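One-letter residues, chain by chain:
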Amino acid sequence: SANLFVTHHPPMADVFDRKKRSQIMASIRGSGTSIERCLSRLLRELGIKPRCHQKHLPGSPDFVLYRQKVIIFTNGCFWHGHQKCKRAVLPTTNRTFWECKVSKNIRRDRKQRRLLRKMGWRVITFWSCKKISVQNLAARLRRVGVKISV
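Residues numbered from 1 in each chain as written. Predicted model: local features only at pLDDT ≥ 70, side-chain atom pairs only at ≥ 80, totals over all residues. Heavy atoms only, no water.

What follows covers the pattern of salt bridges. Across all of its chains, the model carries three salt bridges by this definition. The partner of Arg 41 in a salt bridge is Glu 45, with the nearest N and O atoms 3.2 Å apart. Here Glu 45 and Arg 41 lie together in helix α2 (residues 34-45), a separation of four residues that amounts to about one turn. By relative accessible area, which is 41% here, Arg 41 ends up partly exposed. (Salt bridge = Lys/Arg side-chain N within 4 Å of Asp/Glu carboxyl O. Helix = DSSP H or I, 4+ residues; strand = E, 2+ residues; numbered from the N terminus. Buried < 20%, exposed > 50% of the residue type's maximum accessible area, 1.4 Å probe, protein only.)

With that settled, consider unusual backbone geometry. Phi is positive for Lys 84, close to 60 degrees, though the residue is something other than glycine. Mapped onto the secondary structure, Lys 84 falls in the loop between α3 (77-80) and α4 (95-118). Backbone geometry at Asn 94 places phi at a positive 60 degrees, although glycine is not the residue there. By secondary structure assignment, the location of Asn 94 is in the loop between α3 and α4.

Attention now goes to the confidence of the model for the chain. Looking at the chain, the pLDDT average stands at 85 and 83% of residues meet or exceed 70. For the chain, the element scoring lowest by mean pLDDT is helix α1 (residues 18-26), at 70; strand β4 (residues 122-127) scores highest, at 96. (pLDDT = per-residue confidence, 0-100.)

Per the stated rule, a full pass over the model turns up five aromatic pairs. A centroid spacing of 5.0 Å and a plane angle of 85 degrees characterise the contact between Phe 78 and Trp 79, whose relative ring orientation is edge-to-face. For Phe 78, a relative accessible area of 14% puts it in the buried group. The rings of Phe 78, Trp 79, Phe 97 and Trp 98 are connected pair by pair, giving a single aromatic cluster. (Phe/Tyr/Trp six-rings, centres within 6.5 Å; stacked < 30°, edge-to-face > 60°.)

Okay, the pairing of strand β3 (residues 70-75) next. Within β3, six of the six residues are buried, which leaves it mostly tucked inside the rest of the structure. Of the two faces of β3, the one lined by Val 70, Ile 72 and Thr 74 and the one lined by Ile 71, Phe 73 and Asn 75 are each fully buried. By the bridge criterion, three bridges tie strand β2 (residues 63-65) to β3 in an arrangement that is antiparallel. In the strand pairing of β3, Phe 63 is matched with Ile 72. Count of turn residues in the β2/β3 antiparallel hairpin: four residues, of which Lys 69 carries a positive phi of about 60 degrees. (Pairing = 2+ DSSP bridges.)

Dropping the structure here:
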């Protein structure tokens, strides 16, 4: 299989010891992230009231716009394998584990998006490395057919 992870930086030793790295990784949030809070605020600015973390839908989407039939995911670059992103560079220690973990996440994300599209949903993904403005959000929503008066 092709290697999905091309590092653009020379491998570096971890700057944290194992205990500190473990503590950092354990503190990473799954919901209520800064990108989610930002997106929620911008959606409200556009007059859109999304439902959050709908567990009955594939992938438990971060935001669901039922009336418009639109799903929005906010992906962390590292965990979801954002290609060519410096935030997605894998650790050099235990590399096989991380490649496997992130590859599975990428495959799962693709499968969930495919299922949602088969169910008639339009899917938008925002990455944590990209700044989101109200104009950018409105443009992305218009692209999938959402009527916005801003």
